[in-house]
Amino acid sequence: MSLITATDLGVNYGGRTALHGVNFNIDLGEIVTIVGPNGSGKSTLLKALLKELPPTAGKVQHQRGLGIGYMPQRLALDGRMPITVQRFLCLPHRHSRKQIELMLTHVGVSDVLNQQLDTLSGGQFQRVLLARALLGKPQILIMDEPTQGLDQPGTAAFYKLIADVREETGCAVLMVSHDLHVVMSDSDRVICLNGHVCCQGKPQIVSNAPEYRALFGHGTGGAMALYQHSHDHNHDECDHDHA
């Protein structure tokens, strides 16, 4: 059985149909990236796969005893309640100082243990969130736009770290991303989402411009077209008319 499997998944959210007919699976060791325009249901899909949102159709199954590490898109911090990195990494599950020190070193921020969380840079904060997700030794790491707000070098460094984590631990990685030019080379599979799975397959970086393949019409920008993918289902199942 795959780590997570969704069968004919549908989700109504905010009074509208956010997802319909989604079939999905991810296996140990895979890096799978979900892409799509704003409002295409990417974050909703992650929440449904995490079982935080109940499906209105279909089902989501987890492998028994599945360990999940999750990095949310945003984390609201109350500056009136200062908290150190060490204390934050003991929520909700306590870890020893030694475990925390080793993990912070592993993700490249060994010097922030006693720093206040709200004083971290964007790159430091994302690595602390990654450390928190990894402390539970998950079989799958799920991330919702983990490099949002980082500059290009910070983004590249973060994705290199994710690839290293997969190599070292063998965990699966499922992420939502807009950073196609950086992340695609490390993805085993790309899922193109726009309320349903339009198509999916192995990505290929396009090196020269004339043959860009626009995935979701004119509104998503050139970066959405910087890779090609192979279809693993009938083209009639893809919705190519998103103008």
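- Naming follows an unreviewed UniProt entry, where the chain appears as ABC transporter domain-containing protein of Actibacterium atlanticum.

**Structural notes on the overall build of the chain**
Thinking step 1. When its secondary structure is counted, the chain shows 6 helices and 11 strands.
Thinking step 2. By residue count, 47% of the 243 residues in the chain fall in the buried class.
Thinking step 3. Long-range contacts, defined as pairs at least 24 residues apart, comprise 67% of the intrachain contacts of the chain with a sequence gap of at least 6.
Thinking step 4. Surface summary for the chain: the accessible area is close to 12200 Å², and the carbon and sulfur share equals 48%.

**Quick look at the packing of aromatic side chains**
Thinking step 1. Per the stated rule, a full pass over the model turns up 1 aromatic pair.
Thinking step 2. An angle of 75° between the planes, with centres 6.4 Å apart, marks the rings of Phe158 and Tyr159 as edge-to-face.

**A word on the nonpolar core**
Generally speaking, a soluble globular protein has its nonpolar side chains buried in company with each other.
Thinking step 1. In terms of nonpolar packing, the biggest core is built from 34 residues, with Leu104, Val128 and Leu130 touching the most fellow members.
Thinking step 2. With 7 residues, helix α4 (residues 122–134) is the largest single contributor of residues to this core.
Thinking step 3. Both of domain 1 (1–67 + 140–151 + 171–218) and domain 2 (74–137) provide at least three residues apiece to this core.
Thinking step 4. Beyond its immediate chain neighbours, meaning those up to four positions away, Leu130 contacts Met71, Val107, Leu141, Phe158, Leu161 and Ile162.

**Topic: the pairing of strand β7 (residues 172–176)**
Thinking step 1. Counted residue by residue, β7 has 5 buried out of 5 residues, so it is predominantly covered.
Thinking step 2. Burial of the side chains of β7 extends over both faces: Ala172, Leu174 and Val176 are buried on one face and Val173 and Met175 on the other.
Thinking step 3. For strand β3 (residues 31–35) and β7, the ladder comprises 4 bridges, and the chain directions are parallel. Within β7, the residue paired with Val32 across the bridge is Leu174.
Thinking step 4. Of the pairings in the sheet, the one linking strand β6 (residues 140–144) to β7 comprises 5 bridges and is parallel in character. Of the residues in β7, the one forming a bridge with Ile142 is Leu174.
Thinking step 5. Read as a crossover between parallel neighbours, the route from β6 over helix α5 (residues 152–169) to β7 is right-handed.

**Details of the sheet that holds β7**
Thinking step 1. With mixed pairing, 6 strands are arranged side by side in an open sheet as β5-β6-β7-β3-β8-β9. Each edge of the sheet is formed by a strand with only one pairing partner; in this case those strands are β5 (68–71) and β9 (197–201). On average, each strand axis in the sheet is tilted by 15° relative to the strand beside it, whichever way the strands run.
Thinking step 2. Contacts between α4 and the sheet are confined to β5 and β6, with β5 contributing the most and set at about 165° to the helix.
Thinking step 3. Here α5 sits on the sheet in contact with β3, β5, β6 and β7, set at roughly 155° to β7.

**Some details on the confidence of the model for the chain**
Low-confidence regions, as indicated by low pLDDT, have predicted coordinates that should not be scrutinised in detail.
Thinking step 1. When pLDDT is averaged across the chain, the result is 81; 78% of the residues are at 70 or more.
Thinking step 2. Mean pLDDT in the chain bottoms out at strand β11 (residues 227–229), which sits at 38, and peaks at strand β4 (residues 57–62), which reaches 98.
Thinking step 3. Contacts for the low-pLDDT stretch residues 205–212, under 50 throughout, to residues beyond four places or in other chains number 13 contacts.
Thinking step 4. Across residues 214–243, confidence stays below pLDDT 50; counting only partners more than four residues off in sequence or on other chains, it has 70 contacts.

Thresholds, definitions, all that
- Residues numbered from 1 in each chain as written.
- Predicted model: local features only at pLDDT ≥ 70, side-chain atom pairs only at ≥ 80, totals over all residues.
- Heavy atoms only, no water.
- Helix = DSSP H or I, 4+ residues; strand = E, 2+ residues; numbered from the N terminus.
- Buried < 20%, exposed > 50% of the residue type's maximum accessible area, 1.4 Å probe, protein only.
- Contact = heavy atoms within 4.5 Å.
- Areas by Shrake-Rupley, 256 points an atom, 1.4 Å probe, with all protein chains shown as cover.
- Phe/Tyr/Trp six-rings, centres within 6.5 Å; stacked < 30°, edge-to-face > 60°.
- Core = buried A, V, L, I, M, F, W, Y, C linked by side-chain atoms within 4.5 Å.
- Domains from an automatic or database assignment.
- Pairing = 2+ DSSP bridges.
- Right-handed = clockwise from strand over helix to strand, strands pointing away.
- Axes fitted to C-alpha atoms, helices over the stretch in contact; angles between N-to-C directions.
- pLDDT = per-residue confidence, 0-100.

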